[in-house]
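Descriptive analysis of the structure
The residues making up each chain are set out below.
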Amino acid sequence: MGWEALQHWGHDAVRVARLTGGVANDVWTVRVNGQLAVGRLGSRDAADLAWEVALLQHLDRAGLSVPVPIPTRDGHLFVDGLVVMSFVEGGPPETASDWGRVAETLRQLHALTQGWPQRPGWRSSIDLLETDTGTRIDLGAMPTDGVARCRAAWSRLAGHPTSVVHGDPNPRNILMTRNRVALIDWDEAHVDISDLDLVLPQNAAGLEEDAHDRAAQASAAWEAAVCWKDDYAVQRLAEVRAVGADGDL
């Protein structure tokens, strides 16, 4: 149906302006019931979208600042791949103090989602030690030595605490004000090792040196696998150290 689905939010619901930065989705500001909101149209299936909107509602109820799904006139939270969410104001983190607040917010996310079910069709980095595919990841398409390096990096985090991870906490997906930190664009969110979210500028999460190295290597391996084979993925794979004779990085 495409953007025609927006009519489910009201006959006066309209698109306003395209938002940049999205890769997998078509994202616009929209006006619904006279209020500015954000519409995201993509190809994710109903089970995937149901997981995401339930997560956002849970986080909103718990006090985390996230885009809140806006229901259609008949109460549905998505229609034919279209989700409409509240508009979030703010700017990106800039200072070390800002990034410290981001780290605190991510840790709140992790604490609120321990034991959360995996996003349908997704695999965690630890799952990929034994399986080759999950969502957009296909390890069979990567060089054999690259897969070995990625798996070695992920194996160093085996047994560490898991939770929902945002999956892409870059400055474009963080909107801050003096009073709160909002996380937007949950398209990459899934259940995984919590520390994968905490590889932040200036080590704002305060990870110990070894913990930071493990998380940074595993994060680079994840981004290489999920984006393979664009230039960014090749660059990230180059950052994952080779496996030594003892199997360590």
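Read on for an overview of the structure. What you are looking at is a predicted structure, and each value in this text was computed from that prediction instead of being measured.

**Digging into the packing of aromatic side chains**
Aromatic ring pairs: the centre-centre distance and the angle between the two ring planes describe each pair. Applying the stated rule across the entire model yields 2 aromatic pairs. Ring plane angle 65° and centroid distance 6.4 Å describe the contact between Trp-3 and Trp-28, whose orientation is recorded as edge-to-face. Placement of the pair is Trp-3 in the segment before β1 (14-18) and Trp-28 in strand β2 (residues 26-32), with a sequence separation of 25 residues. By the burial criterion, Trp-3 is buried, and Trp-28 matches it. Residues Trp-154 and Trp-222 carry aromatic rings whose centres are separated by 6.5 Å and whose planes lie at 65° to one another, so their mutual orientation is edge-to-face. On the criterion of sequence distance, the pair formed by Trp-154 in helix α3 (residues 144-155) and Trp-222 in helix α4 (residues 209-227) is long-range, its members being 68 residues apart. Assessed through its relative accessible area of 0%, Trp-154 is described here as buried. Relative accessible area serves as the criterion here: at 7%, Trp-222 is assigned to the buried category. Directly above the aromatic system of Trp-28 lies the positively charged group of Arg-15, at a separation of 4.5 Å from the ring centroid.

**Digging into the packing of α3 against α4**
Where α3 contacts α4, the two axes come as close as 8 Å, and the packing angle between them is 140°. With respect to their mutual orientation, α3 and α4 come out oblique. Judged by the sense of rotation from one axis to the other, the crossing of α3 with α4 is left-handed. Contacts from Cys-150, Ala-153 and Trp-154 in α3 reach Gln-217, Ala-218, Ala-221, Trp-222 and Ala-225 in α4. Its residues placed into classes, the contact of α3 with α4 shows 7 nonpolar, 1 polar and no charged.

**Concerning a nonpolar patch on the surface**
Taken together, Val-14, Val-16, Leu-36 and Phe-87 make up a surface patch of nonpolar side chains, about 300 Å² in accessible area. Mapped onto the elements, Leu-36 comes out in strand β3 (residues 35-41). Leu-36 gets classed as partly exposed once you look at its relative accessible area, which sits at 35%.

**Focus on the pattern of salt bridges**
Using the criterion set out here, one finds 15 salt bridges in the structure. For Arg-241, the salt bridge goes to Asp-213, with nearest N and O atoms at 2.8 Å. Taken together, the positions of Arg-241 in the segment after α5 (231-239) and Asp-213 in helix α4 put the pair 28 residues apart, joining distant regions of the chain. By relative accessible area, Asp-213 is classed as partly exposed at 25%. Counted as one network, the salt bridges with shared partners bring together Arg-40, Arg-44, Asp-48, Glu-52, Arg-119 and Asp-187.

Calculation criteria
Residues numbered from 1 in each chain as written. Predicted model: local features only at pLDDT ≥ 70, side-chain atom pairs only at ≥ 80, totals over all residues. Heavy atoms only, no water. Phe/Tyr/Trp six-rings, centres within 6.5 Å; stacked < 30°, edge-to-face > 60°. Helix = DSSP H or I, 4+ residues; strand = E, 2+ residues; numbered from the N terminus. Buried < 20%, exposed > 50% of the residue type's maximum accessible area, 1.4 Å probe, protein only. Lys NZ or Arg CZ within 6 Å of the ring centre and 35° of its normal. Axes fitted to C-alpha atoms, helices over the stretch in contact; angles between N-to-C directions. Parallel < 35°, antiparallel > 145°, perpendicular 65-115°, else oblique. Left-handed = near helix turned anticlockwise from the far one by under 90°. Contact = heavy atoms within 4.5 Å. Nonpolar A, V, L, I, M, F, W, Y, C, P; charged D, E, K, R; others polar. Patch = residues over 30% accessible without salt bridge, like charges linked within 9 Å, V, L, I, M, F, W, Y side chains within 5 Å. Areas by Shrake-Rupley, 256 points an atom, 1.4 Å probe, with all protein chains shown as cover. Salt bridge = Lys/Arg side-chain N within 4 Å of Asp/Glu carboxyl O.

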